[in-house]
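Coordinate analysis (summary)
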Amino acid sequence: MSAPEQPDGGGLDEFGQIARLFRPLTKGAAEALGLMDDAAAIPSRPGFDLIVTKDAMVEGVHFLPGEAPDLIARKLLRVNLSDLAAKGAEPYGYFLATAWAPDFDWAKRQAFAEGLRVDGEAFGLVLLGGDTVATPGPLTLSLTMLGWVPSGTMIRRGGAQAGDLILVSGAIGDGWLGLQAARGELADPDGYLAGRYRLPEPRVALREVLRAHANAAADVSDGLIADAGHLGQASGLAVHLDLDRLPLSAAGRAWLEAQPNRAEALRALASGGDDYEIVCTARPDVAAGLGLTVIGVMAEGEGIGVMVDGRAIAAGPGGWKHVL
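Quick summary incoming for the structure in this document. Computed from a predicted model, the values in this text were never measured in an experiment. Starting from 1, residues in each chain are numbered consecutively following that chain's sequence as written. Whole-chain, interface and lining totals are the exception, using all residues; otherwise, since this is a predicted model, local features are given only for residues with pLDDT of at least 70 and side-chain atom pairs are given and counted only at 80 or more. To obtain the side-chain values, all non-hydrogen atoms of the structure were included, while hydrogens and water were left out.

**Structural notes on helix α2 (residues 69–86)**
An α-helix turns once per 3.6 residues; consequently, residues spaced three or four apart project the same way. Note the cut-off: Where helices and strands are cited, they refer to DSSP runs of H or I of at least four residues and of E of at least two residues respectively, numbered from the N terminus. In this analysis, the expected span of each helix is defined as 1.5 Å times one less than the number of residues it contains. Using a 1.4 Å probe on the protein chains alone, a residue whose accessible area is under 20% of its type maximum counts as buried, one over 50% counts as exposed, and one in between counts as partly exposed.
The end-to-end C-alpha distance of α2, which contains 18 residues, comes to 26 Å, matching closely the 26 Å that a straight helix rising 1.5 Å per residue would cover. Counted residue by residue, α2 has 16 buried out of 18 residues, so it is predominantly covered. Note on α2: the residue one or two positions beyond its end, G88, has a positive phi of about 75°.

This is the structure:
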């Protein structure tokens with residue numbers, strides 16, 4: 001893990017910062033080489049495939065300015081864990097790149113490392129290496145996560161079959177509502193919604209049941225309609241969704257009941273993103289084994305069809321799209 005390029009290191013030089021902040025997160029794993037080399041050595045695991053995923057987060061885009069550093073770190077881990085969960089993978093370790101902003105001082109860096117430690121313990125992760133630099137712009141973070149699946153069992157987006165049911169875990173729409181709550185734009189007396197945005201719950205516990213029953217899967221990061229559409233596009237099939245079946249939390253239902261246009265509100269909940277649930281497909285005879293909510297079906301053809309109250313509505317953008 002190479003050295004930071006800016007001062008304010010709590011009185012430590014660059015290598016001292018790495019030793020203090022990040023070396024404990026390796027948990028002594030031999031493959032991390034004590035973060036004293038320019039690379040890690042990952043041993044093979046007979047009978048398993050190594051799954052690799054990567055996500056980046058930028059202050060003001062993926063988390064609010066001034067967010068608590070420990071929550072930023074934990075969310076960074078969790079959005080990557082969500083990708084592994086959708087592949088049916090067992091979490092293993094990660095590589096971290098941090099570009100510290102000028103105002104991200106030593107105390108904030110320590111809190112950030114503590115967030116990594118907390119969720120590293122919770123999810124059985126070790127830090128394997130990375131890079132640490134400075135930026136004059138907003139805090140920018142990138143994480144590459146590794147996981148294992150038994151050989152040949154990774155769940156792809158493109159494995160769906162015509163006639164598969166479409167299912168989703170958890171509640172949909174809380175991430176989008178939570179962003180509004182975190183901005184102070186939506187009442188959230190108990191902090192539940194803001195918590196769902198700030199600290200999503202990756203569905204890693206579903207990995208074995210997904211490998212056993214799912215034909216295709218993705219995590220719901222961009223928006224349920226969009227991410228279900230990704231499964232259809234990768235599989236060469238049409239997606240038909242019934243938003244009357246959308247699983248909602250109590251907070252989500254309360255918000256929906258207060259909206260003047262139910263169809264538009266349901267489409268907004270299904271398009272908002274940041275839920276980090278799992279959308280997947282399975283044959284009807286095994287779908288019950290997943291224990292998830294059925295929200296639609298895959299069919300021959302292409303495109304996305306959305307129904308509310310038995311009537312077709314426009315799918316709209318379907319979710320978040322980065323403008324690059």
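After presenting the structure, the write-up continues.
**Things to note about the pattern of salt bridges**
The following threshold applies: We count a salt bridge whenever a side-chain nitrogen from Lys or Arg sits within 4 Å of a carboxyl oxygen from Asp or Glu.
The tally for this structure, following the rule as stated, stands at 13 salt bridges. A salt bridge links D119 to R74, with the nearest nitrogen and oxygen atoms 3.1 Å apart. Placement of the pair is D119 in helix α3 (residues 106–123) and R74 in helix α2, with a sequence separation of 45 residues. Given a relative accessible area of 1%, D119 falls into the buried group. You can call R74 buried: its relative accessible area is 18%. One salt bridge connects R283 with D164, and the closest N-O pair in it is separated by 3.1 Å. Highlighted residues: R283 in the loop between β8 (278–282) and β9 (293–299) and D164 in the loop between β4 (140–150) and β5 (165–168), separated in sequence by 119 residues. Residues joined in a network through salt bridges with shared partners are R74, R78, D119 and E201.

**Side note on unusual backbone geometry**
Phi is positive for L33, close to 55°, though the residue is something other than glycine. As for its position among the elements, L33 is in the loop between α1 (14–22) and β1 (48–58). Take L33: its relative accessible area is 38%, and that puts it in the partly exposed class. One non-glycine residue with positive phi stands out, namely D274, at about 65°. Examined against the element boundaries, D274 turns out to sit in the loop between α9 (262–269) and β8.

**Notes on the layout of surface pockets**
Short version of the rule: Residues are said to line a cavity or pocket when one of their atoms sits within 4 Å of a point; the points come from a 1 Å grid over protein atoms alone, cavities being sets where a 1.4 Å probe fits but cannot get out and pockets being open sets with protein on both sides within 12 Å along at least five of seven lines. Grid points are joined across faces, edges and corners, and a volume is the space filled by probe spheres set on the points. Amino acids outside the nonpolar list (Ala, Val, Leu, Ile, Met, Phe, Trp, Tyr, Cys, Pro) and the charged list (Asp, Glu, Lys, Arg) are all regarded as polar, and Gly is one of them.
There is about 160 Å³ of room inside the second largest pocket. Lining the second largest pocket are R20, L21, P24, L25, K27, Q110, A113, E114, R117, G120 and E121. Every element with two or more residues in the lining of the second largest pocket is listed here: α1 and α3. Sorting elements by how many residues they give to the lining of the second largest pocket places α3 first, with 6 residues. Residue classes in the lining of the second largest pocket are distributed as 4 nonpolar, 2 polar and 5 charged.

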